[in-house]
Amino acid sequence: MVDYLPVEAILKPITMSSALFYVTFALLLVMGLAVAYLLYRHVQYPIRKLLQGVQQMRKGDLSARIHARADNEFDFLFQRFNGMAEQIQELVEDVYEEKILRREATLKQLQAQINPHFLYNSLFFIINTAKMGDQESVVAMAQNLAEYYRYTTRLEEQNVPLREELRLVESYLTIQNLRLQRLYYEIDVPETMQELTMPRLLLQPIVENAIIHGIERVPGDGFILITGRMEEGQCLLTVEDNGAGLSEQGLQELRGKLRSPMDRGMGTGVWNVHQRLQYAFGDQAGLLLEPSPQGGLRVTLQWRPQEAKPRHEEGGETNGGAADRG
């Protein structure tokens, strides 16, 4: 006996199973994509935004905020993160402002203080010179001493043109010329730089340090050279002397102290100048210490001015000399 069946009837279950398999696979694929999107939208994307905010905070960007909505529990985390970042930013700004105010208070205190030894020596010079009848030296000392203390005790203006700082240094060096009788100096700063503004009393402590710790420690004539130049928008004001100088180890120790918190064993002059430069012009500003070709120490004040007033003329001013000591 022979039985005939259509091929379609035999293949129909296989065809239905194959179609059902493809339909199920397509549905599973669509569902997988939908689940993946939902996981990305509601889990991975919020986590990535949160990580980006944390990394920005870690890099020091305290203004980092998360501007995203997840429509789930992550919104609560975003709000708390933004609130925490805002509080941290306010606290850091308050602390930074408090440090600046403390530095300004310290500066005003230092400006108000009168160095008794410097004043006593100058007054004794005036007395002795007056007894010797050298009226010209007495007048020069008294005039420069008055100009010096009038400038250092003036507290109303914290930023002045560099020209005024150089004028103060010239008065100070003239007084030292009259006292020591063996000090010479030269000032060569372009007119372009002299019109730039800077915080007060940045240059004089460096010159005073060069005289006290450099020139007064060695015999013979002392020489101080003050020069200025502009390089790629950066101001470089250099003070160098032919005094005792520092060894390489001493230079390294002094450079390390400039970056350290101030302690009682450290002089306030050089450290104060370095810190005030950085507070006024940023971390790229500060003091550069290196040996001087004159034989002593070379100290360079470097900063990038916030506002420059260029001129067409450049020039310098040279001064030097010695006077009779009473």
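Refer to the structure printed above.
The sections below set out a description of the structure shown in this document. Note that the coordinates shown come from a computational prediction; the quantities given were computed from them, not determined experimentally. (Residues numbered from 1 in each chain as written. Predicted model: local features only at pLDDT ≥ 70, side-chain atom pairs only at ≥ 80, totals over all residues. Heavy atoms only, no water.)

**What to know about the packing of helix 5 (residues 162–180) against helix 7 (residues 204–213)**
In contact at an axis separation of 10 Å, helix 5 and helix 7 are set at 20° when each is read in the N-to-C sense. In terms of orientation, helix 5 and helix 7 fall into the roughly parallel class. Between helix 5 and helix 7 the crossing geometry is right-handed. Contacts from Leu168, Val169, Tyr172, Leu173, Gln176 and Leu180 in helix 5 reach Gln204, Val207, Glu208 and Ile211 in helix 7. A per-class count over the contact of helix 5 with helix 7 returns seven nonpolar, two polar and one charged. (Axes fitted to C-alpha atoms, helices over the stretch in contact; angles between N-to-C directions. Helix = DSSP H or I, 4+ residues; strand = E, 2+ residues; numbered from the N terminus. Parallel < 35°, antiparallel > 145°, perpendicular 65-115°, else oblique. Left-handed = near helix turned anticlockwise from the far one by under 90°. Contact = heavy atoms within 4.5 Å. Nonpolar A, V, L, I, M, F, W, Y, C, P; charged D, E, K, R; others polar.)

**Notes on a nonpolar patch on the surface**
Judged by side-chain polarity, Leu5, Val7, Ile10, Leu11 and Ile14 come together as a nonpolar surface patch covering roughly 500 Å² of accessible area. Note on placement: Ile14 falls in helix 1 (residues 7–58). (Patch = residues over 30% accessible without salt bridge, like charges linked within 9 Å, V, L, I, M, F, W, Y side chains within 5 Å. Areas by Shrake-Rupley, 256 points an atom, 1.4 Å probe, with all protein chains shown as cover. Salt bridge = Lys/Arg side-chain N within 4 Å of Asp/Glu carboxyl O.)

**Section: the pattern of salt bridges**
A full pass over the atoms with the stated rule returns seven salt bridges. For Arg229, the salt bridge is made with Glu231, and the minimal N-O distance between the two is 2.8 Å. Owing to a relative accessible area of 38%, Arg229 belongs among the partly exposed residues under this scheme. Here Arg298 and Glu290 are joined by a salt bridge, their closest N and O atoms 3.5 Å apart. (Buried < 20%, exposed > 50% of the residue type's maximum accessible area, 1.4 Å probe, protein only.)

Bear in mind that shape data such as this cannot, by itself, settle questions of function.
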